[in-house]
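Analysis of the macromolecular model
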Amino acid sequence: MLDIHTAPAASEEDDFAAILLEQTDRLLAHHVTPAALKAADEGAFPLAAWAAVSEAGLPLALVPEEAGGAGLSAVTAGQIIRRSAYHALPAPLAETLIAQALWTRAGGAAVDGIVTLATGTGLALSSTAQGAVLSGTLASVPWGAHASFILLIAHDGDGSAHLVLLPHADRPVRTRRNVANEPRDSLTLENVHVDADSLRPLPAALADADGLMMFGAFIRAQQMVGAMERSLDLALTYANERKQFGKPIGRFQAVQHMLAEAAGQCAAAGAAAQLAASAWGGAHFPFAVAVAKARCGEAAGKVAEICHQVHGAMGFTHEHPLHFFTRRLWAWRDEFGREAHWQERIGRAVCGQGGDALWPMLVALRPSGAQD
Amino acid sequence: MQSFRFGFDHLPAEAEQVRQDVRAFLQAEREAGLFVPHRCSWSTFDPAFSRRAAAAGFVGVTLPKAYGGQERSSLVRFVVTEEMLAAGAPCGAHWIADRQSAPQILRHGTEYAKNLIVPRICAGECYFGIGMSEPDSGSDLAAVRTRATRTEGGFVLNGSKIWTTNAHRADYLIALVRTGDAGPDRHGGLTQFIIDMSAPGIVVRPIYDLSGHHEFNEVFFTDHLVPDALMVGEEGQGWDLVTQELAFERSGPDRFMSDYRLLVELVDRIGQEPDRQQAVETGRLVAHMAALMNMSASVAALLGRNEMPNVEAALVKDVGTAFERDIPEVARRLMPVESSLDAQDDPFAETLADVMLRAPSFTLRGGTREILRSVTARGLGLR
Ligand SMILES: Cc1cc2nc3c(=O)[nH]c(=O)nc-3n(C[C@H](O)[C@H](O)[C@H](O)COP(=O)(O)OP(=O)(O)OC[C@H]3O[C@@H](n4cnc5c(N)ncnc54)[C@H](O)[C@@H]3O)c2cc1C
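Residues numbered from 1 in each chain as written. Chains lettered and ligands numbered in written order. Predicted model: local features only at pLDDT ≥ 70, side-chain atom pairs only at ≥ 80, totals over all residues. Heavy atoms only, no water.

Here we take up the packing of helix α10 (residues 339–353) of chain A against helix α11 (residues 355–365) of chain A. All names here are of chain A. Between α10 and α11, the least distance of the axes is 6 Å, while the angle of their chain directions is 125 degrees. Overall, the two elements α10 and α11 adopt an arrangement that is oblique. Together, Ala 349, Val 350 and Gln 353 of α10 and Ala 357, Leu 358 and Met 361 of α11 make up the contact between the two elements. (Axes fitted to C-alpha atoms, helices over the stretch in contact; angles between N-to-C directions. Helix = DSSP H or I, 4+ residues; strand = E, 2+ residues; numbered from the N terminus. Parallel < 35°, antiparallel > 145°, perpendicular 65-115°, else oblique. Contact = heavy atoms within 4.5 Å.)

Take a look at the structure:
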């Protein structure tokens, strides 16, 4: 049984990560079957899969050891998220993993169950005789109605920002499903009581204008890499199996070149997502996330297009699993800021500083021993 | 699962230290008026610059000290190269020798060749050309017809090479020539030789490119004698060797930074208050470049560990050269400037023109996009 509760020394993390990822893969392959994906597509929550990943400690991968987590690096956590998307795990493991990390880093205690993160508008905290109360609306919260907790940022009357871990309660919810049939819930909060344990001053890392959106973008970028890798794997298998004109279609140069182009897009997306994971916790994280979400989103569209083209009509059926991955790519590239949002961020930062500043910015983005 | 080895970890602290040294060197050069940033920096030819760069320790970075090199890691070399390109330094003279010829000679050349040539490359005073293409052998490199026949103490060469960049000012070429039968896989009977351009039996004729520059050439061999000591590797090993050489040729930052200076000028020209389209499209290019910088560093790390990353190198070049070709297209969309060959008052219009006219070559030289995609497809297990 996979168990990451006993965390490795930093020097051993590479070996440990390799074993962990292999075990994660096996666990996901076992639980996230085509039947499970189909059931989830029809609205069922994958209880068995969720129990298994929780049992394995994956939701606490990025929580420091002192706080009861595995204390793994963000690079390894990013890999776990990629693997979960490679299998299209239809549950918010990535959201939980990142929200738990942010909450514990802000001084909160790790919690049980599903944790999601929300961006919203007009989220206001006010103090009453009974304590703090929260009002506002949360839009498009991943698995908002399923979650035991929702992580969000709210401002008090003085304009100070707070991190809030809002426990689940029966509330009016409007569920929208994205094109992958994943729930994206809108919730209205009216004078919801928030106790002191559920409030933390906002950590500096979240003070960026994009706040939690940045971390949502981080999650979606890693996920897109995993789903692209799976789509490409499916297309490669299909290209070697499907025969037309007396030979596998993978022998036709037109097909080969499409797949080579998709591989290039996958590799570039993986490299960009890797930059963001390496930058976790550092000053360049916002820039790196912008790069990752913009680059992965662009690649996702191209890879999905190519993989469908290679699959012919078969890939257009509900029966074939390709759509579990491509529909997620189409959904995820739009969520937490589509490409243009992040490209504009980057472009404004770069133009604002002028051409000569671009090179040092790019160099600083890439992990180096000098920052150790 | 398909898997490419792009697991780049981080650049070593040593490499970052060298980065500061290169920057200081280049800044001093610029301040002394020794160069102005060039638009396509590795397409220059400035031997004096190469010698100064070598004296400062920035040529032959990975080569053994015994041969005049710096004996440092491939990631240190990677940093030196990217800094040169970012600064638009005129590093073209030593580029090919430093990038692929010296490592090739060191791995496979005779002791005589190593001693004769590598120290001079490391001194920045010995320049190389690539003798692969022939009139009837472009993408189909295995079709080369230039023939070397055995003679007393060496080989006699007859035939011709084409598109040979810098042949008119290089000291040597490494040429791929036919020494025997091709065999069933067509890859047999090929051998690499170091060609001394000052020896008799060689005629170089210029070919002017579409902008009128003289960079590449035709090279004719008539009973040109190559001593055994200038053979690279074993007779008949040429195909494997040329494949290795191409991994060095294809993966470096020069495959996505040929026109980096245009991006810099574009950012300056847009100014500090971009409109939305300008911000979005510039941001897109920067995101592409950041990803490429990571991919290319991964390949440098693989090369340093002697893992031949042929497929990864092909991927970097395919994605990288597409990016290079995109820069002038984006630039003209974002700035309503007519490109011009002699817009004295507008350097941006000139840079745009220069890059636009060179851009078609980016996806040809060093292996066309289509050939790279076929290499990748093979790596993916297709065919
Ligand atoms: C600026 C520049 C500098 C160069 N410098 C050098 C040098 O220093 N030394 C040197 O040896 N060479 C050099 N070259 C040559 C370069 O390597 C060749 O141009 C390249 O390998 C392609 O060969 P070709 O031009 O004969 O085109 P061809 O091989 O005739 O190809 C023409 C078109 O057909 C496509 N094509 C060909 N075969 C296939 C196939 N099997 N499948 C799909 N498509 C195919 C190609 O992709 C291309 O689009 C240089 C080229 C340029 C432009």
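Moving on to the domain arrangement of chain A. Residue and element names in this part refer to chain A. With domains assigned, chain A is organised as domain 1 (10–106), domain 2 (116–202) and domain 3 (212–365). One C-alpha centre belongs to domain 1, the other to domain 3, and the line joining them spans 21 Å. With 22 residues of domain 1 at the contact, the number on the domain 3 side is 27 residues. Contact between domain 1 and domain 3 buries roughly 2,100 Å² in total, counting both sides, with carbon and sulfur atoms accounting for 63%. Taken together, domain 1 and domain 3 are joined by three salt bridges. A salt bridge links Arg 327 to Asp 41, with the nearest nitrogen and oxygen atoms 2.8 Å apart. Taken together, domain 1 and domain 3 are joined by seven residue pairs in polar contact (both at pLDDT 80 or more). Residue assignment for the side of domain 1 that touches domain 3 shows that the elements contributing at least two residues are α2 (34–41), α4 (74–86) and α5 (93–105). Ranked by the residues each element gives to the side of domain 1 that touches domain 3, the list is headed by α4, at nine residues. Considered class by class, the residues forming the side of domain 1 that touches domain 3 number 13 nonpolar, three polar and six charged. (Domains from an automatic or database assignment. Buried area = accessible area lost by both parts, 1.4 Å probe. Salt bridge = Lys/Arg side-chain N within 4 Å of Asp/Glu carboxyl O. Polar contact = N/O pair within 3.5 Å; in protein donor to acceptor, adjacent residues only side chain to side chain. Nonpolar A, V, L, I, M, F, W, Y, C, P; charged D, E, K, R; others polar.)

Moving on to the site of the ligand. Lining the immediate environment of the ligand, one finds 16 residues, of which Gln 253 of chain A together with Ile 130, Ser 139, Trp 163 and Glu 370 of chain B sit closest. Two or more chains meet at the ligand, and those chains are chains A and B. One of the side-chain nitrogen or oxygen atoms of Gln 253 of chain A is found 2.7 Å away from a nitrogen atom of the ligand. Within the side chain of Thr 368 of chain B, a nitrogen or oxygen atom sits 2.7 Å from an oxygen atom of the ligand. In the complex, the protein chains occlude 65% of the 950 Å² of accessible area that the ligand would expose alone. Looking at the shell around the ligand, its residues break down into five nonpolar, nine polar and two charged. (Near = heavy atom within 4 Å. Areas by Shrake-Rupley, 256 points an atom, 1.4 Å probe, with all protein chains shown as cover.)

Turning our eyes to something else, we now look at the interface of chain B and chain A. One frequently used descriptor of interface size is the decrease in accessible area upon assembly of the parts. Each side of the interface is counted separately: chain B has 56 residues, and chain A has 53 residues. For the chain B and chain A pair, buried surface summed over both sides reaches about 4,500 Å², with 65% attributable to carbon and sulfur atoms. If you look at where chain B meets chain A, you find four salt bridges. Where chain B meets chain A, there are 15 residue pairs in polar contact (both at pLDDT 80 or more). When contributions to the side of chain B that touches chain A are tallied by element, the ones reaching two or more residues are α1 (13–31), α3 (74–87), α7 (260–270), α8 (276–304), α9 (310–334) and α11 (369–379) of chain B. Element by element, the count of residues in the side of chain B that touches chain A is highest for α8 of chain B, at 16 residues. For the side of chain B that touches chain A, the residue count by class is 31 nonpolar, eleven polar and 14 charged.

Let us now look at the confidence of the model for chain B. Scored by pLDDT, chain B has a mean of 95; 99% of the residues are at 70 or more. Across the interfaces of the predicted complex, the ipTM metric reaches 0.95, alongside a pTM of 0.96. (pLDDT = per-residue confidence, 0-100.)

Before going further, it helps to spend a moment on the state of the cysteines. One pass over the structure, following the stated rule, counts zero disulfides over all chains. For the unlinked cysteine Cys 266 of chain A, the closest cysteine sulfur is that of Cys 307 of chain A, found at 7.1 Å. (Disulfide = S-S within 2.5 Å.)

Before going further, it helps to examine the pairing of strand β1 (residues 128–131) of chain B. Residues and elements named next belong to chain B. Burial of the side chains of β1 extends over both faces: Phe 128 and Ile 130 are buried on one face and Gly 129 and Gly 131 on the other. Two elements, β1 and strand β4 (residues 172–178), share four bridges in a ladder whose sense is parallel. When the sheet's bridge partners are listed, Ile 130 is paired in β4 with Ile 174. (Buried < 20%, exposed > 50% of the residue type's maximum accessible area, 1.4 Å probe, protein only. Pairing = 2+ DSSP bridges.)

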